[in-house]
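So you can see what is in the structure, the chains are spelled out below.
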Amino acid sequence: MDPGLWNAKPICNLGQNVHDLTFDDSTGTMYALVKHEDYTSLQILDLMTGEMTLVADYGYYSEAPWSIADDDNGTIYAFMYGSGVMYTLDAENGYKLTPVTDADGNEIVICDSNGDPLNPKYSQGMVYDNGIIYYAYYTSAWWGESSELIAINTADWSCQYSAYSAWGYDQDNNLMNYYPNTELVGLMVLNETNYTIPEATEAVALSMSASSLLLGVGQSNQLKVSAVPWNYELGKVNWSSS
């Protein structure tokens, strides 16, 4: 996606139920949190081909990370289903969920604006930017405000909360205000990065817009062909049939 112009180019159809994505700028790695029928997994997504590689199987969703955010230095923060405890995914130990603790060894528990521990029941957006984790928390309210934008300071784990009004930007708290009865789902931070998309020098596979067609007499259909990797520039394509 081209920031500013917002022209989007599809890379591939992942064919899986991806709950959340986070990008590690230090290694150029895209992580995907995938919910399967009876378990949740963490996978590495190849940005060139769309292929997914399993790196962790967390079992049933209630024991799995629910939202993830990388701090660009390899630390992945996470919330679990139904828990306000802040976790990290320990890459050196199979991406095991590890509670974040304070100097006294107490688990860090994040609360909502009412002071109640978070109780995430949906996979909401979570991003990291300059020491702050931004989390779009669905409050499960059936009326009024149904979402909170929580800014979590990783230096002392203090929190700021979005105000709810219809006036847009909250200058005092440097946060956005949102209309009532709306739900925040996805969050995105635009930053400069050292990562560059590798140049595709050859195609490793070709795909067509249709695997089969049934045409009547006098009918026609235009087939399109695309290459893997997605940024390989196809030249002339020779078609043949048998």
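The rules we used
- Residues numbered from 1 in each chain as written.
- Predicted model: local features only at pLDDT ≥ 70, side-chain atom pairs only at ≥ 80, totals over all residues.
- Heavy atoms only, no water.
- Patch = residues over 30% accessible without salt bridge, like charges linked within 9 Å, V, L, I, M, F, W, Y side chains within 5 Å.
- Areas by Shrake-Rupley, 256 points an atom, 1.4 Å probe, with all protein chains shown as cover.
- Salt bridge = Lys/Arg side-chain N within 4 Å of Asp/Glu carboxyl O.
- Helix = DSSP H or I, 4+ residues; strand = E, 2+ residues; numbered from the N terminus.
- Core = buried A, V, L, I, M, F, W, Y, C linked by side-chain atoms within 4.5 Å.
- Buried < 20%, exposed > 50% of the residue type's maximum accessible area, 1.4 Å probe, protein only.
- Contact = heavy atoms within 4.5 Å.
- pLDDT = per-residue confidence, 0-100.
- Phe/Tyr/Trp six-rings, centres within 6.5 Å; stacked < 30°, edge-to-face > 60°.
- Pairing = 2+ DSSP bridges.
- Axes fitted to C-alpha atoms, helices over the stretch in contact; angles between N-to-C directions.
- 1 Å grid on protein atoms, 1.4 Å probe; cavity = no way out; pocket = protein on both sides within 12 Å on 5 of 7 lines; lining within 4 Å.
- Points joined across faces, edges and corners; volume = space filled by probe spheres on them.
- Nonpolar A, V, L, I, M, F, W, Y, C, P; charged D, E, K, R; others polar.
- Polar contact = N/O pair within 3.5 Å; in protein donor to acceptor, adjacent residues only side chain to side chain.

This part takes up a nonpolar patch on the surface. Side chains of Leu 206, Met 208, Leu 234, Val 237 and Trp 239 sit close together on the surface and give an oily, nonpolar patch of about 470 Å² of accessible area. Inspection of the secondary structure assignment puts Met 208 in strand β15 (residues 205–208).

This part takes up the nonpolar core. Residues Phe 79, Met 86, Ile 110, Met 126, Ile 133, Ile 152 and Trp 157 are the most contacted members of the largest nonpolar core, which totals 16 residues. Elements represented by at least two residues in this core include exactly β6 (76–80), β9 (126–129), β10 (132–138) and β11 (147–153). The dominant element in this core, judged by the number of residues it contributes, is β10, at three residues. Excluding its chain neighbours within four sequence positions, the residues that come into contact with Met 86 are Tyr 77, Ala 78, Phe 79, Thr 98, Pro 99, Val 100, Ile 108, Ile 110, Met 126, Ile 133, Ile 152 and Trp 157.

When pLDDT is averaged along the protein, the result is 81, and 85% of the positions lie at 70 or above. Ignoring residues within four places in sequence, the model shows residues 163–168, a span with pLDDT below 50, making 16 contacts including any to other chains.

Per the stated rule, a full pass over the model turns up nine aromatic pairs. Relative to Trp 66, the ring of Tyr 61 has its centre 5.6 Å away and its plane inclined at 40°; by these criteria the two rings are tilted. Under the relative-accessibility criterion, Tyr 61 is labelled partly exposed at 23%. Here the aromatic cluster, defined as three or more aromatic residues joined through ring pairs, consists of Tyr 60, Tyr 61, Trp 66 and Tyr 81.

Pairing is antiparallel in the open sheet, where four strands are placed in the order β1-β2-β3-β4. Since the sheet does not close on itself, it has two edges, and those belong to β1 (18–24) and β4 (52–57), each with one partner. Sheet twist, expressed as the average angle between the axes of neighbouring strands with direction ignored, equals 25°. Both strand β2 (residues 29–35) and strand β3 (residues 40–45) contribute to a ladder of six bridges, which runs antiparallel. Bridge pairing in β3 places Ala 32 opposite Gln 43.

Under the counting rule described, the total for this entry stands at one cavity of 30 Å³ or more. Roughly 30 Å³ of volume is contained in the largest cavity. For the largest cavity, the full set of lining residues is Lys 35, His 36, Glu 37, Asp 38, Tyr 39, Thr 40, Tyr 60 and Tyr 61. Partitioning the lining of the largest cavity into residue classes produces three nonpolar, two polar and three charged.

Here four strands make up an open sheet; going across it, the order is β5-β6-β7-β8 and the pairing antiparallel. Because the sheet does not close on itself, it has two edges, and the strands there are β5 (65–70) and β8 (96–99). Geometrically, the sheet is characterised by an average inter-axis angle of 40° between neighbouring strands, direction not taken into account. Two strands pair when backbone bridges link them, and β5 and β6 are joined in this way by five bridges, in the antiparallel orientation.

Here we take up the environment of Thr 49. Inspection of the secondary structure puts Thr 49 in the loop between β3 and β4. Thr 49 sits in the partly exposed class, given a relative accessible area of 21%. For the pair Thr 49 and Cys 12, spaced 37 residues apart in the sequence, the C-alpha separation amounts to 7.5 Å. Side-chain polar atoms of Thr 49 contact the backbone nitrogen of Glu 51, separated by 3.2 Å.

Its volume calculated, the largest pocket comes out at about 1,700 Å³. Lining of the largest pocket is provided by 43 residues; of these, Phe 23, Met 30, Met 188, Val 189 and Leu 190 occupy positions nearest its centre. Secondary-structure elements contributing two or more residues to the lining of the largest pocket are β1, β5 and β9.

Moving on: the pairing of β2. In terms of residue burial, β2 counts as a mostly covered element, since six of its seven residues are buried. Note that β1 and β2 share six bridges and pair antiparallel. The residue of β2 that forms the bridge with Asp 20 is Leu 33. Connecting β1 to the antiparallel partner β2 that follows it, the hairpin turn spans four residues, and Gly 28 within it adopts a positive phi of roughly 70°. A loop of four residues connects β2 with β3, the two strands running antiparallel in sequence.

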